[in-house]
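Here is how the chains run, residue by residue.
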Amino acid sequence: MYVRAMKCLSVIRPCTRIIPSSHITRLTSRPAFWNRSVILHQPRMASSTAEPRFAEGEDAAQLGPDMQSLLQQQGWALDADGMGITKTFHFKTYFKAVSFLNLIASESAAKRHHPTMTVRIGSVDVHWTTHHPRGLTQKDITLARHCDQGATLMGAVEAGDGMKCGSKP
Ligand SMILES: C[C@H](O)[C@H](O)[C@H]1CNC2=NC(N)=NC(=O)C2=N1
């Protein structure tokens with residue numbers, strides 16, 4: 001029994017060595033990319049405080065009023081960083097939501113400017129930004145207006161009237 005106990009201890013022993021505190025510091029400190037990765041993966045959130053940030057080469061004085069009308073009258077919202085705009089369109093049926101998405105997809109292919117869209121059973125989230133050069137541009141404004149017109153054509157409804165899971169069309 002004693003011999004067996006000693007054998008067990010000899011197995012356990014390497015794990016009970018004292019680790020120098022300098023080593024512990026190194027193990028628990030965060031890697032260099034830590035803060036950067038947090039910033040890169042920050043969620044895109046609608047903001048009511050950010051200012052629109054237009055891309056280099058855009059005429060901010062000319063685009064400003066158009067952008068303000070989208071934000072204040074048409075229900076578009078700025079991203080937290082001011083570089084994109086987003087809006088959710090609601091529909092009575094899934095078919096209408098998908099048809100709206102296709103309408104926007106068709107125009108964006110023609111204009112070579114593509115939104116990020118999420119389709120749900122009774123709604124479509126649309127997000128516009130310009131990647132090169134980075135920021136908001138005339139294209140984002142023009143295509144946001146096209147979304148508003150397309151939504152009217154497709155019979156978009158108020159948020160509370162859109163189709164929900166479990167609701168009948
Ligand atoms: C070459 C091509 O037109 C470009 O890469 C386009 C494609 N679609 C685009 N879409 C969006 N939203 N922003 C862009 O900067 C962009 N660039």
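Keep in mind the model is a prediction, meaning the values are calculated, not measured.

Around the ligand, the structure places Arg112, His113, His114, Thr129, Thr130, His131 and His132. Between the ligand and His114, the relevant distance is 2.8 Å, taken from a nitrogen atom to a main-chain nitrogen or oxygen of the residue. Contact with the protein chains covers 62% of the free accessible surface of the ligand, which is 390 Å². Of the residues contributing to the shell around the ligand, the split by class is no nonpolar, six polar and one charged.

So, on to the pattern of salt bridges. This model, assessed by the stated rule, comprises three salt bridges. Of the charged contacts in the structure, one is a salt bridge between Asp148 and Lys87, with a shortest N-O distance of 2.7 Å. Of this pair, Asp148 sits in helix H6 (residues 138-153) while Lys87 is found in strand S3 (residues 84-90), placing the two residues 61 residues apart along the sequence. Given a relative accessible area of 12%, Asp148 falls into the buried group.

Bringing the pairing of strand S5 (residues 123-129) into the picture now. With seven of seven residues buried, S5 is to be regarded as a mostly interior element. Side chains Ser123, Asp125, His127 and Thr129 of S5 all project onto a buried face; the interleaved residues Val124, Val126 and Trp128 project onto the opposite face, where all are buried too. Alignment of S3 against S5, held across seven bridges, turns out to be antiparallel. Pairing of Phe89 across the sheet is with Val124, part of S5. In this sheet, S5 lies alongside strand S4 (residues 116-119) in antiparallel orientation, the contact comprising four bridges. Looking across to S5, one finds that Val119 is bridged to Val124. The loop that links S4 with its antiparallel partner S5 comprises three residues.

What counts as what
Residues numbered from 1 in each chain as written. Predicted model: local features only at pLDDT ≥ 70, side-chain atom pairs only at ≥ 80, totals over all residues. Heavy atoms only, no water. Near = heavy atom within 4 Å. Polar contact = N/O pair within 3.5 Å; in protein donor to acceptor, adjacent residues only side chain to side chain. Areas by Shrake-Rupley, 256 points an atom, 1.4 Å probe, with all protein chains shown as cover. Nonpolar A, V, L, I, M, F, W, Y, C, P; charged D, E, K, R; others polar. Salt bridge = Lys/Arg side-chain N within 4 Å of Asp/Glu carboxyl O. Helix = DSSP H or I, 4+ residues; strand = E, 2+ residues; numbered from the N terminus. Buried < 20%, exposed > 50% of the residue type's maximum accessible area, 1.4 Å probe, protein only. Pairing = 2+ DSSP bridges.

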